[in-house]
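Structural overview
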Amino acid sequence: MKSLAFVYLIGRLSLSSSLLFTFFFSLMVEAADVRCDKTLSVHLDLHPPSAFLDDNDQVTGMDALLTQRILTRAGCKVRWHFTPMTGARILRSLQQGEFDVMVRASKTDARQQYAYFSEPYRHEVVALFSRKQLKLPAAFTMADALNQGLRLIGPASGWYGDEFEALRSKWQKKGFYTAYPDAARATDLLFAEPSRGDLVLVDADIFFYYLGEERYDQINLVGNNVLITPALLMFSHGSLDQTDLSAINHAIVQLRQTGELTAIEKSYRPLGLQKLLSLTPSINSSGSELW
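Criteria and thresholds
Residues numbered from 1 in each chain as written. Predicted model: local features only at pLDDT ≥ 70, side-chain atom pairs only at ≥ 80, totals over all residues. Heavy atoms only, no water. Helix = DSSP H or I, 4+ residues; strand = E, 2+ residues; numbered from the N terminus. Buried < 20%, exposed > 50% of the residue type's maximum accessible area, 1.4 Å probe, protein only. Contact = heavy atoms within 4.5 Å. Pairing = 2+ DSSP bridges. Right-handed = clockwise from strand over helix to strand, strands pointing away. Disulfide = S-S within 2.5 Å. Salt bridge = Lys/Arg side-chain N within 4 Å of Asp/Glu carboxyl O. Patch = residues over 30% accessible without salt bridge, like charges linked within 9 Å, V, L, I, M, F, W, Y side chains within 5 Å. Areas by Shrake-Rupley, 256 points an atom, 1.4 Å probe, with all protein chains shown as cover. Phe/Tyr/Trp six-rings, centres within 6.5 Å; stacked < 30°, edge-to-face > 60°. Lys NZ or Arg CZ within 6 Å of the ring centre and 35° of its normal.

Turning our attention to the side chain of S195. You can see S195 is positioned in the loop between helix 6 (183-191) and strand 10 (199-203). We classify S195 as buried; its relative accessible area is 18%. S195 has contacts with R151, L189 and L190, leaving out every residue within four places of it along the chain.

The two faces of a sheet get side chains in turn, since along a regular strand they alternate between them. Looking at chain direction, strand 8 (residues 152-155) and strand 9 (residues 177-180) are connected through 4 bridges and run parallel. Within strand 9, the position partnered with G154 by the bridge is A179. You can see the chain leave strand 8, run along helix 5 (residues 162-174) and come back into strand 9, and the turn it takes is right-handed.

Time to look at the state of the cysteines. When the sulfur atoms of two cysteines share a covalent bond, that bond is a disulfide. The tally for this structure, following the rule as stated, stands at 1 disulfide. Across a sulfur-sulfur distance of 2.2 Å, C36 and C76 are joined as a disulfide pair. Torsion about the S-S bond of the C36 and C76 cystine: about 120°, corresponding to right-handed handedness. With C36 in the loop between helix 1 (2-33) and strand 1 (39-43) and C76 in the loop between helix 2 (62-74) and strand 4 (77-81), this residue pair connects regions lying 40 residues apart in the sequence. Take C36 and C76: they sit in the same class, and that class is buried.

The next thing to look at is the pattern of salt bridges. If you walk through the whole model with that rule in mind, you get 15 salt bridges. Across the pair R131 and E193 runs a salt bridge, and its minimum N-O distance is 3.8 Å. Residue R131 is found in strand 7 (residues 122-131), and its partner E193 is found in the loop between helix 6 and strand 10; the two are separated by 62 residues along the sequence. Note on R131: relative accessible area 14%, which makes it buried. By sharing partners, the salt bridges in this structure join D63, R104, R122, E124, D203, D205, E265 and R269 into a single network.

Right, let's get into the side chain of S236. With respect to the helices and strands, S236 occurs in strand 11 (residues 219-236). Judged by relative accessible area, which is 8%, S236 ranks as buried. Setting aside residues up to four positions removed in sequence, S236 forms contacts with L94, D100, Y114 and Y116.

Take a nonpolar patch on the surface next. Taken together, L46, L53 and F82 make up a surface patch of nonpolar side chains, about 220 Å² in accessible area. With respect to the helices and strands, L53 occurs in strand 2 (residues 52-53). The class for L53 is partly exposed, based on a relative accessible area of 37%.

Throughout the structure, instances matching the rule amount to 7 aromatic pairs. For the pair F207 and F208, a centre-to-centre distance of 6.0 Å together with 85° between the ring planes defines the contact as edge-to-face. According to the relative accessible area criterion, F207 is buried, its value standing at 0%. Its relative accessible area of 4% is what places F208 among the buried residues. An aromatic cluster of at least three residues, connected via ring pairs, comprises F129, F207, F208 and Y216. One residue, R215, lies across the ring of F191, its end atom 4.3 Å from the ring centre.

Function cannot be inferred from these measures alone, as they are strictly geometric.
Below, the structure is given as structure tokens:
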């Protein structure tokens, strides 16, 4: 009887294990088969290399192609939204449903009240630069710049790291802060005669694009002030549900594993910035290892 009971118990355990395996396998298949069935309006600021129109008036660029590849892989349809906007207006318009998706976003507690965020899809590089004639110590921080009364050209809005958020208002109160609406304008302000600031804190990809190869040797990275953070897609709560978000995140993971996302990112990153990053081994980074 004990032998029969043992065989019965083993049989029941085997059956339970089989059912459990079948259950988890079905969940995996179901997760892999989840598809987004939405048409999503994606806002793009047309600034190379993030997004721009090619010679045939077709949308291209780092964030445009990455976003299109991710969303279509997930099953979504993509519609582009091009109205020029400041960073603050982009956030308001997303909340109000004018469009569905913001690219190159950072996750904050305040934004999570009205938006979902994807898994990281690329690295965003923000750095502090000066004109070459300004001689600064090798270990020079943003706090040092503020304390020495250097003028900063900085973003009008947006999230650029904890250190900068703590210092921005102090710069503004001293009257040493010139705000720019986008990185293209930031480049113009730095090279204006006379320059509107001693330093510029800026999205390095767009800055290097507008800088152009002929001016690479006219700027310096200030200290090791490079912030590399994960860039996310940001979705209005009213634009999709958790099933759609799961499909999008699953697409990101798949494309990350194949190396397709990294290949697109590197193909649009300016060579001058790639060289700078390769020569800057010890950088101030946050979340630089995305995968």
